[in-house]
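Read off the chains here:
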Amino acid sequence: MVSLKDVANACGVSVATVSKALNNHKDIGDETKERIRRTAKELGYVPNAAAKSMKTNRTHNIGVLFVDEALSGLTHDYFSNVLDSFKRAVEKEGYDITFISNDRSRPGRSSYLEHARYRGFDGVVIACVQFDDPEVIELVRSDIPVITIDHVYDNNASVLSDNVSGMRDLVEHVIAKGHKKIAYIHGQNTHDSAVTSTRLTTFYKVMEENGLEVPDEYLKEAEYRSTTKAYENTLKLLELKNPPTCILYSDDFACYGGMRAVSEKGLKVPDDISIAGYDGIRVGRHIRPRLTTLRQDTEAIGRIAAQNLVDLIEKPKTTLKSQVQVKGKLYEGDTVKAL
């Protein structure tokens, strides 16, 4: 294995000079840096991660806690795009990522915090978990830098999609199209989901501001991304004596379960019934009719989460644990008819 000493000998400089050049220290000239880096590459020099860890007291490894109970895993469009953006951003800062095992059926499994300590993570990003899980709370309250996606803990860093402005933009768009009878198949709120409660409250508020009533039968609950539950609830809404003219869904996947129900009733979207989703998945912009939805800025959410976590790791004394909200953008699509 090629060492720093081998590179130093080949360049006719000291080991300290090679180390400074490879770490981009300012007291080494650009020409010397380039010569040393070129020589190191030609010799096949690769920095030793263990040695670097001992010197910097960091492993340059970030843990990812992602627990998707719907079993969609990294095919989950919203979170997979957020995590992809996060991964690209931390890699530019010299960090790798490792997923924290959440298989609770495994004999002798360690807690999330124990796993994080065993792996020596410099920090952890948490997304799509039961945020009231004692193991998650234990990890958040530890001395390991943590940032959460779409959930806020007291005195903890987080990045959230702005669900208030997003839901407001979506509902106001539907109302502007002339709709007054608007139903909402929202996500389940069994674990005090801030996302679900925020969107639902905003839906009620915007309807109230526009002088529109929401009959109890217009509100249905279903798991996120459940096309089956969306299908069943859509049938119930369509069979009402006074059915809605537009149905909002918790996410774009659910919309397609609703569209199946509409089709089975011999109706068409948007001619007979309008629908709108949330998230802005890519396929929704290509299947006809194009889905009206609120596109969340997953690239910005992941990038901001990455930068904030790296700052917490590298500059803990000067980095505030802030809560950042990222605005989405309405995509009008073709599934909401103007009445």
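Residues numbered from 1 in each chain as written. Predicted model: local features only at pLDDT ≥ 70, side-chain atom pairs only at ≥ 80, totals over all residues. Heavy atoms only, no water.

Secondary structure assignment for the chain yields 12 helices and 12 strands. Taking 20 Å as the expected radius of gyration for a compact globule of 339 residues, we find that the chain reaches 25 Å, considerably beyond that expectation. Seen through its principal axes, the chain has C-alpha atoms that stretch 85 × 45 × 35 Å. Residues classed as buried in the chain amount to 47% of the 339 residues present. Taking contacts inside the chain between residues at least 6 apart in sequence as the whole, the part at least 24 apart equals 69%. The averaged location of the 48 negative side-chain charges in the chain is 5 Å from the averaged location of its 46 positive side-chain charges. (Helix = DSSP H or I, 4+ residues; strand = E, 2+ residues; numbered from the N terminus. Rg over C-alpha atoms; globule rule 2.2 N^0.38 Å. Buried < 20%, exposed > 50% of the residue type's maximum accessible area, 1.4 Å probe, protein only. Contact = heavy atoms within 4.5 Å. Lys, Arg positive; Asp, Glu negative; His and termini not counted. Charge placed at Lys NZ, Arg CZ, Asp CG, Glu CD.)

Considering all chains together, one arrives at 0 disulfides under this definition. Free cysteine Cys246: the closest other cysteine sulfur is in Cys255, separated by 9.3 Å. Owing to a relative accessible area of 0%, Cys246 belongs among the buried residues under this scheme. (Disulfide = S-S within 2.5 Å.)

Attention shifts here to helix α5 (residues 77–92). The terminal C-alpha atoms of α5 lie 23 Å apart, and with 16 residues this matches the ideal 22 Å at 1.5 Å per residue to within 8%. Along α5, the residues classified as buried are Tyr78, Phe79, Ser80, Val82, Leu83, Ser85, Phe86, Ala89 and Val90. Here the buried face of α5 lies against β1 (61–66), β2 (96–99), β3 (123–127), β4 (146–149), β5 (157–161) and α12 (298–314). (Expected span 1.5 Å × (residues − 1).)

One key point about sheets: their strands pair by backbone hydrogen bonds, in either a parallel or an antiparallel sense. Strand order across the open sheet formed by 6 strands is β2-β1-β3-β4-β5-β11, with parallel pairing between neighbours. Both edges of this open sheet fall to β2 and β11 (323–326), since each of them pairs with a single strand only. Between one strand and the next, the sheet's axes are offset by a mean angle of 20°, whatever the strand orientation. Across the sheet, α12 lies against β1, β3, β4, β5 and β11, angled at about 165° from β4, the strand it touches most. (Pairing = 2+ DSSP bridges. Axes fitted to C-alpha atoms, helices over the stretch in contact; angles between N-to-C directions.)

Turning next to the sheet that holds strand β8 (residues 246–249). With respect to topology, 4 strands assemble into an open sheet ordered β7-β6-β8-β9, the strand pairing being parallel. The outermost strands of the open sheet, each flanked by one partner alone, are β7 (219–222) and β9 (274–276). Averaged over all pairs of adjacent strands, the angle between strand axes in this sheet comes to 20°, irrespective of strand direction. Bridge count for strand β6 (residues 182–187) against β7 is 4 bridges, and the pairing is parallel. Residue Ile185 lies in a different strand from β7, and its bridge partner there is Lys220. Contacts between helix α10 (residues 227–238) and the sheet are confined to β6, β7 and β8, with β7 contributing the most and set at about 165° to the helix.

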